[in-house]
Amino acid sequence: MAEIALDSLVSGKPVAVDVDGVAVCVARIGDEVFAVEDTCTHSEASLSEGEITGTKIECWLHGAEFDLRTGEALTPPATAALKTFKVEVNGNQVVVTN
Ligand code: FES
């Protein structure tokens, strides 16, 4: 479990947090917050260093795109989906669980 202040998250700027020993990419998009595993399924790149467009995140290393809502791999070279994590927003508190 990880707790983050909602007002510390900037829309469109992902961050990496530790959830029970797993690196998780947390992304706020407007009033919604999504969480997917931080390590790209193609190789060892950190997705929280990638770029968000709409609800997609692009891996900075080889350009694979993933849907932040579902973890689905949208474009090659990644083919496997990212694991998603449960996100609860209560006021200013964001809770991410495995
Ligand atoms: S490591 Fe992410 S696309 Fe290759």
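The present account deals with the structure reproduced in this document. (Residues numbered from 1 in each chain as written. Predicted model: local features only at pLDDT ≥ 70, side-chain atom pairs only at ≥ 80, totals over all residues. Heavy atoms only, no water.)

Judged by pairing direction, the sheet is antiparallel, and its three strands sit side by side in the order 1-9-8 without closing on themselves. Since the sheet does not close on itself, it has two edges, and those belong to strand 1 (2-5) and strand 8 (86-90), each with one partner. Each strand of the sheet is rotated relative to its neighbour by a mean of 20°, with strand direction disregarded. Two elements, strand 1 and strand 9 (residues 93-97), share four bridges in a ladder whose sense is antiparallel. Residue Ala2 lies in a different strand from strand 9, and its bridge partner there is Val96. (Pairing = 2+ DSSP bridges. Helix = DSSP H or I, 4+ residues; strand = E, 2+ residues; numbered from the N terminus. Axes fitted to C-alpha atoms, helices over the stretch in contact; angles between N-to-C directions.)

This part covers the sheet that holds strand 3 (residues 22-29). In spatial order, the strands read 2-3-4; together these three strands make up an open sheet with antiparallel pairing. Edge strands, defined here as strands with exactly one partner in the open sheet, are strand 2 (15-19) and strand 4 (32-37). Taking each pair of neighbouring strands and ignoring which way they run, the sheet shows an average axis angle of 35°. Where strand 2 meets strand 3, five bridges bridge the pair, whose relative direction is antiparallel. The residue of strand 3 that forms the bridge with Val19 is Val22.

We now examine the nonpolar core. In terms of nonpolar packing, the biggest core is built from 17 residues, with Cys40, Leu47, Ile52, Ile57, Phe66 and Leu68 touching the most fellow members. Going through the elements one at a time, strand 3 and strand 4 are the ones with two or more residues in this core. At three residues, strand 3 tops the list of elements feeding residues into this core. Those residues in contact with Ile57 that lie beyond four places of it in its chain are Pro14, Cys25, Leu47, Gly50, Glu51, Ile52, Ala64, Glu65, Phe66 and Leu68. Grouped together as the second largest cluster of nonpolar side chains are 13 residues, Val19, Val26, Val33 and Phe85 included. (Core = buried A, V, L, I, M, F, W, Y, C linked by side-chain atoms within 4.5 Å. Buried < 20%, exposed > 50% of the residue type's maximum accessible area, 1.4 Å probe, protein only. Contact = heavy atoms within 4.5 Å.)

Turning to the pattern of salt bridges, a few remarks are in order. This model, assessed by the stated rule, comprises three salt bridges. For the salt bridge of Asp67 with Arg69, the shortest nitrogen-to-oxygen distance reads 2.8 Å. For Lys86, the salt bridge identified is with Glu88, shortest N-O distance 3.4 Å. Residue classification places Lys86 among the exposed residues on the basis of a relative accessible area of 51%. (Salt bridge = Lys/Arg side-chain N within 4 Å of Asp/Glu carboxyl O.)

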